[in-house]
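# Coordinate analysis (summary)
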Amino acid sequence: MAAKITGSVVDISPSGDLITDLTAERLVGIGHSEETKIVVDDEFETFGIYGPEHQQPEMTLIAILEDGQPLRLHLVSDSASMMLGVKKGAPVQVH
């Protein structure tokens with residue numbers, strides 16, 4: 001059975017990104033490939049964990065993990081929080 005890590009949205013960035021409490025240390029053992037599934041608020045899902053230099057198309061929900069930063073969910077060219085209606089405290093699952 002694949003590993004499953006749970007966390008939550010702990011902050012919203014000024015641009016509307018969903019900042020989680022999931023750090024690189026907590027995600028050890030979870031792959032970053034396109035098969036990695038991230039679910040936020042038990043409703044919205046995306047696949048893969050990317051770096052900040054992703055090449056994903058506009059209006060795509062992606063998970064970004066940068067060195068020293070927690071996992072964040074980003075809607076390319078828009079506010080993930082506003083478009084999805086996700087607030088602080090929403091659950092996040094990575095598996």
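Here, every reference points to the structure presented above.
These figures come from a predicted structure and were not determined experimentally. (Residues numbered from 1 in each chain as written. Predicted model: local features only at pLDDT ≥ 70, side-chain atom pairs only at ≥ 80, totals over all residues. Heavy atoms only, no water.)

### A word on the nonpolar core
Quick note on the threshold: Side-chain atoms within 4.5 Å link the members of a nonpolar core, which is a set of buried Ala, Val, Leu, Ile, Met, Phe, Trp, Tyr and Cys residues. Working definition: with a 1.4 Å probe on protein chains only, accessible area under 20% of the residue-type maximum means buried, over 50% means exposed, and in between means partly exposed. Secondary structure is summarised from DSSP: a helix means a run of H or I of at least four residues, a strand means a run of E of at least two, and numbering begins at the N terminus for each. Note on definitions: a residue-residue contact is assigned when non-hydrogen atoms from the two residues lie within 4.5 Å.
Among the nonpolar cores identified, the biggest contains 20 residues, and Leu-27, Leu-71 and Val-94 are the most heavily contacted of them. Counting residues per element, the ones that place at least two in this core are strand 1 (5-12), strand 3 (37-40), strand 6 (61-64), strand 7 (72-75) and strand 8 (91-94). Not counting residues within four places of it along the chain, the set of residues in contact with Leu-27 comprises Ile-5, Leu-22, Leu-65, Leu-71 and Val-94.

### Here we look at the pattern of salt bridges
The test is simple: Just to be clear on terms, a salt bridge is a Lys or Arg side-chain nitrogen sitting within 4 Å of an Asp or Glu carboxyl oxygen.
Counted according to the given criterion, the structure contains five salt bridges. The partner of Glu-45 in a salt bridge is Lys-37, with the nearest N and O atoms 3.4 Å apart. For Glu-45, a relative accessible area of 44% translates into the label partly exposed. Each of Asp-17, Glu-66 and Arg-72 takes part in one network of salt bridges that share partners.

### Focus: the sheet that holds strand 2 (residues 18-20)
The criterion, for reference: Any two strands with at least two DSSP-identified bridges between them are counted as paired.
As summarised here, the arrangement of the eight strands in space is 4-3-8-1-2-7-6-5, forming an open sheet in which the pairing is mixed. Two strands bound the open sheet, and with one partner strand each, they are strand 4 (44-47) and strand 5 (49-50). By the bridge criterion, three bridges tie strand 1 to strand 2 in an arrangement that is antiparallel. The residue of strand 2 that forms the bridge with Val-9 is Thr-20.

### What about the pairing of strand 8?
In strand 8, alternate side chains face the same way, and those of Val-92 and Val-94 are buried while those of Pro-91 and Gln-93 on the opposite face are not. Both strand 1 and strand 8 contribute to a ladder of four bridges, which runs antiparallel. Within strand 8, the position partnered with Ile-5 by the bridge is Val-94. As judged from the three bridges shared by strand 3 and strand 8, these two strands associate in the antiparallel manner. Across the sheet, the residue bridging to Ile-38 is Val-94, located in strand 8.

### Some details on the side chain of Thr-20
Defined as follows: By the criterion applied in these results, polar contacts are pairs of N or O atoms within 3.5 Å in which, for protein atoms, one can donate a hydrogen and the other can accept it, and in which residues neighboring in sequence qualify only through two side-chain atoms.
With respect to the helices, strands and loops of the structure, Thr-20 is situated in strand 2. With a relative accessible area of 1%, Thr-20 lands in the buried category. Within the structure, Thr-20 has its side chain in polar contact with the backbone oxygen of Leu-71 (distance 2.7 Å).

### Considering the side chain of Ser-8
Secondary-structure assignment places Ser-8 in strand 1. For Ser-8, the contacting residues outside a window of four places in its chain are Ile-19, Thr-20, Asp-21, Gly-89, Ala-90, Pro-91 and Val-92.

### Thoughts on the environment of Ser-79
Among the secondary structure elements, Ser-79 is positioned in the loop between strand 7 and helix 1 (80-84). Remark: the alpha-carbon pair of Ser-79 and Pro-14, spanning 65 residues in sequence, is separated by 8.9 Å. The contact partners of Ser-79, leaving out residues within four places of it in the chain, are Ser-15 and Gly-16.

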